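Examining the three-dimensional arrangement
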Amino acid sequence: MNGEIIAFSILAFVAIIGALFMIQLRKVVHMVVALVFTFLSLAGLYVLLSAEFAAAVQVLIYSGAITIMMLFGIMLTRHGDEEKKGSRKKSVAIFLFLIAFAFSFYIGISQLDFGQQETTLHVDNTKEIGILLYSHYIIPFELTSVVLLVALVGAILLAKKEEEE
Amino acid sequence: MTSSPLALYLMLALVLFCIGMYGALMKRNTVIVLISIELMLNAANLNFIAFSKYGPNPSLFGQVFSLFSITIAAAEAAVGLAILMAIYRQRKSVHIDDYDSLKH
């Protein structure tokens, strides 16, 4: 139990620091690289929550695919190095809104506890998820493949250069 | 101060969600706005998985749901970047303030 708390603290610290650096850094590429640390430590947290398969998916999809895709998006467009500040009034308004939002949710969740029950989530995690996907969740699973196909075709169509008439 | 593990995970997710929302609302660069939205989705996934272990009824359903959400997030990122490319070709800019042709 104690080791779990220590691991949680380190991973949560890295995740929050990565996200804060994403907000603070000046160069766009550095922002994306800072967020990779957040994604990786979230994968570590998934392992702590006995979700090994979700952790592997997180590393592959988020810190692999999505980061590389965002880097491509940055490389293919031109960026000024300096990010100009927005208006001060808007910044203060959003900040106050976020404080109120976070506080109201904090009241709701700070005392939440359902008690810890003995779970068998970590036993054959990937196998159990596979069985669940192909029995209970078979229709959403198949629909997901349609969504991915539509997104693939749509992305190619949108990003294709329009031909000269 | 609380010590329940579920509350700790939920608070971490809340912090990440707030940082992501701040980035999505404040940043002028469209790529950073997209990736901030990914951070918000990630915080939601953390909630799903935390509840799947520490919730009132622990089961694998939360993990499976987070897998679906990751899939949809990946599709959303791909389409979002494709739209960004298409707009960039027209406007030669990645700043969100320059995308205002629907305003006039």
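What you see is a predicted model, and the numbers here were worked out from it, not measured in a lab. Counting restarts for each chain: residues are numbered from 1 in the order of the written sequence. A letter from A marks each chain and a number from 1 marks each ligand, given out in the order of writing. Predicted model: local features are reported for residues with pLDDT of at least 70 only, side-chain atom pairs are reported and counted for 80 or more only, and whole-chain, interface and lining totals are derived from all residues.

Before going further, it helps to examine the overall build of chain B. A run of H or I in DSSP counts as a helix once it spans at least four residues, and a run of E counts as a strand once it spans at least two, with each numbered from the N terminus. Along the backbone of chain B there are 3 helices and 0 strands. Tracing chain B from N to C terminus, the helices and strands come up as α-α-α. A radius of gyration in this sense is built from C-alpha atoms; the matching globule rule multiplies 2.2 Å by the number of residues raised to 0.38. Whereas a compact globule of 104 residues would reach a radius of gyration of roughly 13 Å, chain B reaches 17 Å, over 25% beyond that. Taken along the three principal axes of its C-alpha coordinates, chain B extends 50 × 30 × 20 Å. Working definition of burial: number of other C-beta atoms within 10 Å of the residue's own, with buried at 20 or more, exposed at 12 or fewer, and partly exposed in between, all C-beta atoms being placed from the backbone. A burial count over chain B gives 50% of its 104 residues as buried. Here the analysis covers contacts within chain B between residues at least 6 apart in sequence; of these, 49% occur between residues at least 24 apart. Two residues form a contact once the distance between their C-beta atoms, set from the backbone, is within 7 Å.

Moving on to the overall build of chain A. Across its full length, chain A holds 6 helices and 0 strands. Taken over the C-alpha trace, chain A has a radius of gyration of 21 Å; the compact-globule value for 165 residues is 15 Å, which it surpasses by more than 25%. Counting only C-alpha atoms, chain A reaches 60 × 40 × 25 Å along its principal axes. Every one of the 165 residues in chain A was classed for burial, and the buried ones make up 19%.

Judged by nonpolar contacts, the single largest core of 62 residues is most densely connected at Tyr46 of chain A together with Ala13, Leu16, Val31, Leu46 and Ala50 of chain B. Put simply, the parts of the chain that give this core at least two residues each are α1 (2–24), α2 (28–48) and α3 (52–75) of chain A together with α1 (5–26), α2 (30–54) and α3 (61–91) of chain B. Here the element with the most residues in this core is α2 of chain B; it accounts for 13 residues. Beyond its immediate sequence surroundings of up to four residues, alanine 13 of chain B is in contact with Ala43, Leu46 and Asn47 of chain B. Core membership is restricted to buried Ala, Val, Leu, Ile, Met, Phe, Trp, Tyr and Cys residues, and these are joined into a nonpolar core through C-beta atoms within 7 Å.

The next thing to look at is α3 of chain A. One less than the residue count of a helix, multiplied by 1.5 Å, gives the span that helix is expected to have. Here α3 of chain A contains 24 residues, and its C-alpha end-to-end distance of 33 Å stays within 8% of the 34 Å for a straight helix at 1.5 Å per residue. Considering bend angle alone, the principal kink of α3 of chain A is centred on glutamine 58 of chain A and spans about 25°. All of the buried residues in α3 of chain A are Ala54, Ala55, Val57, Gln58, Tyr62, Ile66, Met70, Gly73 and Ile74 of chain A. Buried residues belonging to α3 of chain A abut α2 of chain A together with α2 and α3 of chain B. Two axes enter the bend calculation: one fitted to the seven residues ending at the residue in question, the other to the seven starting there, and the bend is the angle between them.

Each domain of chain A was delimited in the assignment, giving domain 1 (1–80) and domain 2 (123–165). When each unit is reduced to the centre of its C-alpha atoms, the spacing between domain 1 of chain A and domain 2 of chain A is 23 Å. Where a domain begins and ends is set by an automatic assignment or by a domain database.

All right, on to the interface of chain A and chain B then. Between chain A and chain B, the residue contacts involve 67 residues of the former and 57 residues of the latter. With 10 residues, α3 of chain A is the largest single contributor of residues to the side of chain A that touches chain B. Residues are sorted three ways: Asp, Glu, Lys and Arg are charged, Ala, Val, Leu, Ile, Met, Phe, Trp, Tyr, Cys and Pro are nonpolar, and all the rest, Gly among them, are polar. Residue composition of the side of chain A that touches chain B, by class: 49 nonpolar, 14 polar and 4 charged.

The next point concerns the environment of glycine 62 of chain B. All names here are of chain B. As for its placement among the helices and strands, glycine 62 is situated in helix α3. Taking the C-alpha atoms as reference points, glycine 62 and serine 52, 10 residues apart in sequence, are found 4.7 Å from one another. Beyond its immediate stretch of four places on either side in the chain, glycine 62 contacts Phe48, Ile49, Phe51 and Ser52.

Bringing unusual backbone geometry into the picture now. Here the phi dihedral of serine 50 of chain A falls at roughly 50°; this positive angle occurs in a residue that is not glycine. Tracing the backbone through its elements, the reader meets serine 50 of chain A in the loop between α2 and α3. By the C-beta count within 10 Å, which is 19 here, serine 50 of chain A ends up partly exposed. Its identity as a non-glycine residue notwithstanding, lysine 92 of chain B has a phi of 55°, on the positive side.

Now for the environment of valine 59 of chain A. All names here are of chain A. For valine 59, the position within the fold is in helix α3. Valine 59 gets classed as partly exposed once you count the C-beta atoms within 10 Å, which come to 16. For the pair valine 59 and aspartate 113, spaced 54 residues apart in the sequence, the C-alpha separation amounts to 29 Å. Setting aside residues no more than four positions away along its own chain, valine 59 makes contact with Leu40, Ala43 and Gly64.

What pLDDT reports is the predictor's confidence in each residue, on a scale of 0 through 100. When the pLDDT values of chain B are averaged, the result is 88; 97% of them are 70 or greater. Across the interface, the model reports ipTM at 0.89; the global pTM reads 0.89.

Further remarks concern the packing of helix α4 (residues 88–109) of chain A against α1 of chain B. Working note: a packed helix pair is described by the angle between its axes plus the distance between those axes. Every angle, taken between N-to-C directions, lies between 0 and 180 degrees, and every axis is a line fitted to C-alpha atoms, over only the stretch in contact when it is a helix. Axis separation between α4 of chain A and α1 of chain B bottoms out at 10 Å; the angle between their running directions is 165°. It follows from the interaxial angle that α4 of chain A and α1 of chain B lie roughly antiparallel. Of the two possible hands of crossing, α4 of chain A and α1 of chain B adopt the one that is right-handed. When α4 of chain A is examined against α1 of chain B, the residues Ser91, Ile94, Leu98, Phe101, Ala102, Phe105, Tyr106 and Ile109 of chain A are found in contact with a partner set consisting of Ala7, Leu10, Met11, Leu14, Cys18, Met21, Tyr22, Leu25 and Met26 of chain B. Looking at the contact of α4 of chain A with α1 of chain B, its residues break down into 16 nonpolar, 1 polar and no charged. An angle below 35 degrees is read as roughly parallel, one above 145 as roughly antiparallel, one from 65 to 115 as roughly perpendicular, and any other as oblique. Two helices that cross are described as forming a left-handed crossing if the nearer one is turned anticlockwise from the farther one by less than a right angle, and a right-handed crossing if clockwise.

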